[in-house]
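Fold and geometry: a report
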Amino acid sequence: MSPQTNTTPDTGTWQLGDQTVNRVGFGAMRLTGTAPFDRGVPRDRDRSIGVLRRAIELGVNHIDTAAFYFSATRSANELINRALAPYPEDLVITTKVWPGRDPSGAWWWATPAQLRGQVEENLRQLGRDHLDVVNLRVPPSRRTGSIGEHFGALAELQDAGLIRHLGISNVTSEQLAEARAIAPVVCVQNPYGIGASSEDRALLRLCGELGLAFVPFFAIAGPGREAGPAPSDHEEVHAVARARGVSVAQVRLAWTLQQGPHVLAIPGTSDPDHLAQNMASGALQLSEDEMTRLTSLRPAGA
């Protein structure tokens with residue numbers, strides 16, 4: 001692997017526990033195909049490996065992945081292993097557990113006792129002896145319930161040395177408080193972007209007050225989620241993009257990064273050109289007027 005040649009503007013860093021990461025990272029979900037999981041057409045293996053290596057050259061030292069990011073012929077974790085091992089010393093790989101997929105691709109949700117198997121699956125695929133950060137990804141059906149039993153099981157795996165730091169994903173402020181009463185939390189990974197609800201914005205602010213990283217997903221896709229950005233985005237977003245001569249995705253990422261120094265972006269792509277655009281988004285400083293106009297946009301479906 002070629003030596004790191006960071007040519008992207010400095011967007012600052014943040015701490016994930018005792019690990020320092022650059023604020024623009026990389027999400028691995030789109031490495032396996034033209035659509036996530038087992039939908040779409042598989043990506044060219046060498047192209048995906050090349051995108052990962054280029055991301056490191058551009059300064060990425062935070063990659064978000066999961067064992068359930070796989071298609072019929074590609075596994076994101078194994079692509080990461082093939083592209084980047086032996087891993088750079090400063091690289092932080094974050095993964096997530098609780099959801100899983102069987103070999104046919106069907107989804108299932110782990111019991112607390114099954115979380116160890118999911119952690120070990122990530123370890124095997126990544127070729128690691130411990131995981132840097134593991135997020136407990138809460139299912140939609142549990143957004144108002146207790147996560148204590150599952151998070152406690154992860155805390156035991158941390159005590160056993162399999163996990164370095166713990167995070168939580170798709171949670172409420174009440175669930176964050178519950179988790180922090182069990183073990184230290186270094187990050188919250190929730191959907192967030194232009195049009196976020198007041199509840200989502202309050203949780204982002206709370207993370208800043210607590211000194212926790214807030215890691216938004218679907219910051220570019222918005223309500224399109226796994227399917228990607230909708231063809232018809234808010235006209236206001238398009239207007240800012242046209243005025244700045246940049247893409248809509250870059251405007252969305254820049255807005256997200258300007259929500260606070262504790263916000264870490266993890267845009268994903270398997271296209272080298274999109275990767276370069278995403279990495280350059282940190283240099284795009286939106287004006288106070290632009291931020292106000294974009295922040296005032298109502299949540300999708302409101």
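Each residue is numbered by its place in its chain's sequence as written, counting from 1. The model is predicted, so local features are restricted to residues of pLDDT at least 70 and side-chain atom pairs to those at 80 or more, both for listing and for counting; the totals for chains, interfaces and linings are taken over all residues. Values shown for side chains rest on all heavy atoms present in the structure; no hydrogens or waters enter the calculation.

1. Remarks on the environment of L206
Cut-off, in case you're wondering: Counting from the N terminus, the helices are DSSP H or I runs at least four residues long and the strands are E runs at least two residues long. Accessible area is worked out with a 1.4 Å probe on protein chains only. A residue is then buried under 20% of its type maximum, exposed over 50%, and partly exposed in between. Contact definition: two residues touch when any of their heavy atoms are within 4.5 Å.
In this structure, L206 sits in helix α6 (residues 198-210). In this structure L206 comes out as partly exposed when scored by relative accessible area, which is 25%. The residues contacting L206, other than those within four sequence positions of it, are S173 and L176.

2. With respect to the sheet that holds strand β10 (residues 187-189)
Where we set the bar: Strands pair, by our definition, only if DSSP identifies at least two bridges between them.
Spatial ordering of the open sheet is given by β3-β4-β5-β8-β9-β10-β11, a layout of 7 strands whose pairing is parallel. The sheet is open, and its two borders are formed by β3 (26-27) and β11 (213-214), each paired with just one other strand.

3. Here we look at the confidence of the model for the protein
Cut-off, in case you're wondering: The predictor attaches a confidence to each residue, and that confidence, scored 0 to 100, is pLDDT.
Summary statistics for the protein give a mean pLDDT of 91 and a share of 91% for residues scoring 70 or more. Below pLDDT 50 for its whole length, residues 1-7 participates in 19 contacts with residues either more than four positions away or in separate chains.

4. Describing helix α7 (residues 235-244)
Going by this rule: As used here, the arc belongs to the directions running from the helix axis to the C-beta atoms.
Looking at α7, one finds that the buried residues are V237, V240 and A241. Seen end-on, α7 carries its buried residues on one side only, within an arc spanning 100 degrees. Exposed side chains of α7 directed beyond 90 degrees from the buried face belong to R242 and A243. Buried residues along α7 sit against α8 (248-257) and α10 (288-295). With its phi angle positive at about 70 degrees, G245 sits one or two positions after the end of α7.

5. Considering the environment of G100
Structurally, G100 is set in strand β6 (residues 99-101). On the basis of relative accessibility, which here comes to 6%, the residue G100 falls in the buried class. Along the backbone, G100 and A66 are 34 residues apart, and their C-alpha atoms lie at a distance of 9.1 Å. When sequence neighbours within four positions are dropped, the list of residues in contact with G100 reads F68, A106, W107, W108 and Q118.

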